[in-house]
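# Geometric and topological summary
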Amino acid sequence: MMLQTESVRMGYGERTVVRELTLEIPQGGFSVIVGPNGCGKSTVLRTLGRMLRPQAGRVLIDARDIRSLRTREVARRIGLLPQSPHAPDGVTVADLVGRGRYPHQRIWRQWSREDERIVAQSLEEVGLLDCADRAVSELSGGQRQRAWIAMALAQQTPILLLDEPTTYLDIAHQISVLDLCSTLHEQGRTLVMVLHDLNMAARYATHVIAMRDGGIIRQGRPEDVFTETMLRDVFDLDASILKDPNNGRPLIVPKDRRNQ
């Protein structure tokens, strides 16, 4: 399922954040958007998920303008996990994940055994089946992120958009969540994610989109995008690029300014 933009301008009210963006998300890829704060990363993700209407241009899914589709149709194609989502008080993990089934229900087809099976399967995929009856508020930060990802899985969409899913998590939980996302990608889903941690982006992404000031500076494979020149141009960062001894991916080591 192809997701792309054509000359899209995005913003809030009269303020434009992203200008003339033409972007094609690789099908079946694990794309990560990186860039400094305020460059438009989350704005792009929200526009791809139809949470934000473009000021100009078009977002296309399988060559169809996403605005021409009904909300339920979009929800069957694209799952969106916003940054730092909050569940209502008292909602259980199973109830939260079950909300991912709403796009598949109709007036004449309410909750079914198939829905129950998919919710259980989604919980099992993220390792939370034994937490189904617990309140979301009782979970750790890493478990909560897994619960939200399970809700997106229950939508059974071929495309998942995730806005900084590792925010506020410790390093062990960050890796756990990203390992899970990598597994979902290997199973055939197209992932698009916003990340701040460049080394995590280099480790997991198959396609990196580097942004600054509302535009794309460079995109491609991690080993092609993460260069010393790009880091200076995009982040004003002086760093060395090494090869990760575990996987051969780029490893970014900022230079110690105190010794210069």
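## Some thoughts on the sheet that holds strand 1 (residues 3-12)
Within a sheet, each strand pairs with its neighbour through backbone hydrogen bonds, oriented either parallel or antiparallel. Ordered by their spatial adjacency, 4 strands build an open sheet running 2-1-4-5, and the pairing between neighbours is antiparallel. Edge positions in the open sheet fall to strand 2 (15-25) and strand 5 (64-65), since each of these has one partner strand only. Here 5 bridges tie strand 1 to strand 4 (residues 56-61), and the two strands are oriented antiparallel to one another. Among the inter-strand pairings, R9 is bridged to a residue of strand 4, identified as A56. On top of the sheet, helix 1 (residues 41-48) reaches strand 1, strand 2 and strand 4; it is set at about 120° to strand 1, its chief contact.

## Section: the nonpolar core
With 52 residues, the main nonpolar core has V32, L123, I149, L162, C181, M193 and F226 as its most contacted residues. Of the residues forming this core, the biggest block, 8 residues, is contributed by helix 5 (residues 141-154). Discounting chain neighbours no more than four positions away, the residues touching L162 are L45, L81, I149, C181, L191, V192, M193 and V194.

## Considering the packing of helix 4 (residues 113-125) against helix 5
The N-to-C vectors of helix 4 and helix 5 enclose an angle of 140°; their axes lie 9 Å apart at closest approach. As summarised for this structure, helix 4 and helix 5 are arranged oblique, according to the angle between their axes. Here the hand of the crossing between helix 4 and helix 5 comes out right-handed. For the pair formed by helix 4 and helix 5, the contact residues are I118, S122, L123 and E125 on the first element and A150, L153 and A154 on the second. Residues that form the contact of helix 4 with helix 5 fall into these classes: 5 nonpolar, 1 polar and 1 charged.

## A look at the pairing of strand 4
Of the strand pairs in this sheet, strand 4 and strand 5 are connected by 2 bridges, and their pairing is antiparallel. Bridging across to strand 5, L60 finds its partner in D65. What sits between the antiparallel neighbours strand 4 and strand 5 is a turn of 2 residues, in which D62 has the positive phi angle 50°.

What counts and how
- All chains use their own residue numbering, which begins from 1 and follows the written sequence.
- Per-residue local features of the predicted model are confined to residues with pLDDT of at least 70, and side-chain atom pairs are confined, for both listing and counting, to 80 or more; whole-chain, interface and lining totals are unaffected and use all residues.
- Calculation of side-chain values draws on the structure's entire complement of heavy atoms; hydrogens and water are dropped beforehand.
- For two strands to count as paired, DSSP must find a minimum of two bridges between them.
- Working definition: helices are DSSP H or I runs of at least four residues, strands are E runs of at least two. Numbering for both runs from the N terminus.
- We call two residues in contact whenever any of their non-hydrogen atoms come within 4.5 Å of each other.
- Here an axis means a line fitted to C-alpha atoms, over the contact stretch when the element is a helix, while the angle between two N-to-C directions is reported on a 0 to 180 degree scale.
- Among buried residues, the Ala, Val, Leu, Ile, Met, Phe, Trp, Tyr and Cys ones that are joined through side-chain atoms within 4.5 Å form a nonpolar core.
- Categorising residues by exposure relies on relative accessible area from a 1.4 Å probe, with only protein chains included: less than 20% of the type maximum marks a residue as buried, more than 50% marks it as exposed, and the intermediate range marks it as partly exposed.
- Throughout this description, any angle smaller than 35 degrees is read as roughly parallel, any larger than 145 degrees as roughly antiparallel, any in the 65 to 115 degree range as roughly perpendicular, and the remainder as oblique.
- Crossings are classed by handedness, with left-handed meaning an anticlockwise turn of the near helix from the far one by less than a right angle and right-handed meaning a clockwise turn.
- Charged means Asp, Glu, Lys or Arg here, nonpolar means Ala, Val, Leu, Ile, Met, Phe, Trp, Tyr, Cys or Pro, and polar covers whatever is left, Gly included.

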